[in-house]
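Structural description and commentary
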Amino acid sequence: MILNEKREKITLGMIMRKKITYLLLFYSGIFFSQKTTSNNYFPKMEDYIVTKNLDTLTENIKIKKGLNNFKFYKQDKKISKREVISFRKNGEEYKYKKKRKVTFGDKKYAFLKLIQKGEVNLFEYKITGVYGTYSEGNSFFYYIERNGKLNLIVPERFYIMIKRILPENKKLHKMIKDKELRYENISSVVKYFNKNNEI
């Protein structure tokens, strides 16, 4: 009787150890698979600078964000921003564009962040208000580009402007009119148009 109990305990112990071993191997495999998949499908995008001469610089470059501007360097030597037409930093793409001013004292040219890319491009323009030496916070403005023309989107005229700039997609117009999509969803609006350009 005692011998049988001991055998049962030994058998149960072996079964438990096997289960724990299998579980460890299973979860280790999942972790390794996810890590491998992440590295293969989501590689780190390289920073670059494109100059007016269409030279693409990737080695020994630095891109520094200042207050409402950027500074560019190659091998610690400063590159004039007038020579730069586009760049990518930390996976975000920027294009140098002539645009409509958004505030008094705003500049006619600026680097705009590319949010959506396709038949229609969406750009974000961020400015930081300053009073003396203190920042008053960030303001965001959006431009839709189609056929080379850049349009500043005004929240108060959002529906009218989308109908004018993107006249083909009646379903999209209805979604905006019915408040399913608003100015705050402008990225989704452009993405939807690029994927579903239906007359």
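Not measured: the values here are computed from a predicted model.

About the cut-offs
- Residues numbered from 1 in each chain as written.
- Predicted model: local features only at pLDDT ≥ 70, side-chain atom pairs only at ≥ 80, totals over all residues.
- Heavy atoms only, no water.
- Pairing = 2+ DSSP bridges.
- Helix = DSSP H or I, 4+ residues; strand = E, 2+ residues; numbered from the N terminus.
- Axes fitted to C-alpha atoms, helices over the stretch in contact; angles between N-to-C directions.
- pLDDT = per-residue confidence, 0-100.
- Contact = heavy atoms within 4.5 Å.
- Buried < 20%, exposed > 50% of the residue type's maximum accessible area, 1.4 Å probe, protein only.
- Polar contact = N/O pair within 3.5 Å; in protein donor to acceptor, adjacent residues only side chain to side chain.
- Patch = residues over 30% accessible without salt bridge, like charges linked within 9 Å, V, L, I, M, F, W, Y side chains within 5 Å.
- Areas by Shrake-Rupley, 256 points an atom, 1.4 Å probe, with all protein chains shown as cover.
- Salt bridge = Lys/Arg side-chain N within 4 Å of Asp/Glu carboxyl O.
- Phe/Tyr/Trp six-rings, centres within 6.5 Å; stacked < 30°, edge-to-face > 60°.
- Lys NZ or Arg CZ within 6 Å of the ring centre and 35° of its normal.
- Arc of directions from axis to C-beta.

1. Concerning the sheet that holds strand E4 (residues 70-74)
Read across the open sheet, the three strands follow the order E3-E4-E5; overall the sheet is antiparallel. Since the sheet does not close on itself, it has two edges, and those belong to strand E3 (61-65) and strand E5 (77-79), each with one partner. Along the sheet, successive strands turn relative to each other by an average axial angle of 30°, direction set aside. Two strands pair when backbone bridges link them, and E4 and E5 are joined in this way by three bridges, in the antiparallel orientation. Bridging across to E5, Phe 72 finds its partner in Ile 79.

2. What to know about the confidence of the model for the protein chain
Low-pLDDT portions of the prediction should not be read for the details of their coordinates. Averaged over all residues, the pLDDT of the protein chain is 81; the fraction at 70 or higher stands at 73%. Contacts from residues 131-135, a stretch scored under 50 in pLDDT, to residues over four places away or in other chains number four contacts.

3. As for the environment of Arg 146
Within the fold, Arg 146 resides in strand E10 (residues 134-146). Judged by its relative accessible area of 12%, Arg 146 is buried. When the C-alpha positions of Arg 146 and Val 120 are compared, they lie 5.1 Å apart, and in sequence the two are 26 residues distant. Residues in contact with Arg 146, not counting those within four places in the same chain, are Glu 119, Val 120, Ile 165, Leu 166, Pro 167, Glu 168, Phe 193 and Asn 197. One polar contact links Arg 146 to Glu 119, side chain to side chain, over a distance of 2.7 Å.

4. A short note on a nonpolar patch on the surface
The grouping of Leu 54, Ile 85, Tyr 96 and Tyr 109 at the surface amounts to a nonpolar patch, some 380 Å² of accessible area in total. Along the polypeptide, Tyr 96 turns up in strand E7 (residues 92-98).

5. Comments concerning the packing of aromatic side chains
Evaluated as defined, the whole model comprises 11 aromatic pairs. A cation over a ring is seen here: Lys 64 above Tyr 73, with NZ or CZ 5.2 Å from the ring centre. The ring of Phe 70 has Lys 65 lying over it, and the distance from NZ or CZ to the ring centre is 5.2 Å.

6. Describing helix H3 (residues 170-177)
Listing the buried residues of H3 in full gives Leu 172, His 173, Met 175 and Ile 176. Within H3, the buried residues cover an arc of 160° as seen down the axis, which keeps them to one side. Away from the buried face of H3 by more than 90 degrees, exposed residues Lys 170, Lys 171, Lys 174 and Lys 177 are located. Buried residues in H3 make contact with helix H2 (158-165) and helix H4 (186-195). One or two positions beyond H3, positive phi appears at Lys 179, with a value near 70°.

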